[in-house]
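Summary of structural features
So the chains spell out like this:
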Amino acid sequence: MARQNMDPKKKLLEEKVINLSRVTKVTKGGRHFRFSATVVVGNRKGLVGMGTGKANEVNDAIAKASKAANKNVTRVALQDARTIPHEATGKVGRAVVLIKPAKEGTGVIAGGAARAVLELAGVKDIVSKSLGSNTKVNVAKATLEALKSERTPAKIAALRGKKVEEL
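This report concerns the structure included in the present document. Remember, predicted model here, so these are calculated numbers, not experimental data.

Definitions and cut-offs
Residues numbered from 1 in each chain as written. Predicted model: local features only at pLDDT ≥ 70, side-chain atom pairs only at ≥ 80, totals over all residues. Heavy atoms only, no water. Patch = residues over 30% accessible without salt bridge, like charges linked within 9 Å, V, L, I, M, F, W, Y side chains within 5 Å. Areas by Shrake-Rupley, 256 points an atom, 1.4 Å probe, with all protein chains shown as cover. Salt bridge = Lys/Arg side-chain N within 4 Å of Asp/Glu carboxyl O. Lys, Arg positive; Asp, Glu negative; His and termini not counted. Charge placed at Lys NZ, Arg CZ, Asp CG, Glu CD. Helix = DSSP H or I, 4+ residues; strand = E, 2+ residues; numbered from the N terminus. Core = buried A, V, L, I, M, F, W, Y, C linked by side-chain atoms within 4.5 Å. Buried < 20%, exposed > 50% of the residue type's maximum accessible area, 1.4 Å probe, protein only. Contact = heavy atoms within 4.5 Å. Phe/Tyr/Trp six-rings, centres within 6.5 Å; stacked < 30°, edge-to-face > 60°. Lys NZ or Arg CZ within 6 Å of the ring centre and 35° of its normal. Pairing = 2+ DSSP bridges. Axes fitted to C-alpha atoms, helices over the stretch in contact; angles between N-to-C directions.

Time to look at a positive patch on the surface. Taken together, the side chains of Lys25, Arg34, Lys54 and Lys64 present a region of like positive charge at the surface. Relative to the helices and strands, Lys54 is located in strand β3 (residues 47-55).

Below, the structure is given as structure tokens:
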């Protein structure tokens, strides 16, 4: 019996392609077409990551992006396993994303790339607003940055050298 070499993370993480585009390099011999893909991965329980990849074929570009996203997985602070602890803003380039916690039953109020990132992170109730540029890749990166900047009461207590009850 041969033992199969499988990565345990790949089974757990769900992936979603948020951007797929054809890029062109103009050379002396003509135009050279390639494909660029951006993929978000997550387990809907607080783990989320994003990656980009380029290749001559669409499937190869998606596979590269997925591999890069699996390497960049980070844990997101969730409160009550459904929303975020506090309001936050993420900025990447000219894209600015504002995320706010919401009451139970609100759902994910976000559009496009921000929605994909928030859903795969496992956020169930949130209000999001995209300000500035609406480039898919930068909006997704800004959303991820805003989620990473979240601080739980336990983190704040540890920074101040106190117990959670003292806050």
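Moving on, there is more to tell.
What follows deals with the nonpolar core. The biggest cluster of nonpolar side chains holds 29 residues, and the ones touching the most others in it are Ile99 and Leu147. Mapped by element, the contributors of at least two residues to this core are β3, β5 (88-92), β6 (95-101), α3 (112-121) and α4 (136-148). The contact partners of Ile99, leaving out residues within four places of it in the chain, are Ile84, His86, Glu87, Ala88, Ile126, Val127, Ser128, Ala146, Leu147 and Glu150.

To continue, consider the packing of aromatic side chains. Enumeration over the complete set of coordinates arrives at zero aromatic pairs. Taking NZ or CZ as reference, Arg22 lies 4.3 Å from the ring centre of Phe33, over its face.

Looking now at unusual backbone geometry. Residue Arg44 is not a glycine yet carries a positive backbone phi of 60 degrees. In this structure, Arg44 sits in the loop between β2 (30-42) and β3. Even without being glycine, Asp80 reaches a positive phi, approximately 55 degrees. Here Asp80 lies in the loop between β4 (74-75) and β5.

A separate point is the sheet that holds β5. The sheet built from four strands is open, its strands ordered β5-β6-β8-β7 with mixed pairing. Sheet topology places β5 and β7 (108-109) at the edges, where each strand pairs with a single neighbour. Bridging between β5 and β6 involves five bridges; their strand directions are antiparallel. Within the sheet, the bridge partner assigned to Lys91 lies in β6 and is Val96. Lying over the sheet, α4 contacts β5, β6 and β8 (126-132), oriented at roughly 140 degrees with respect to β5.

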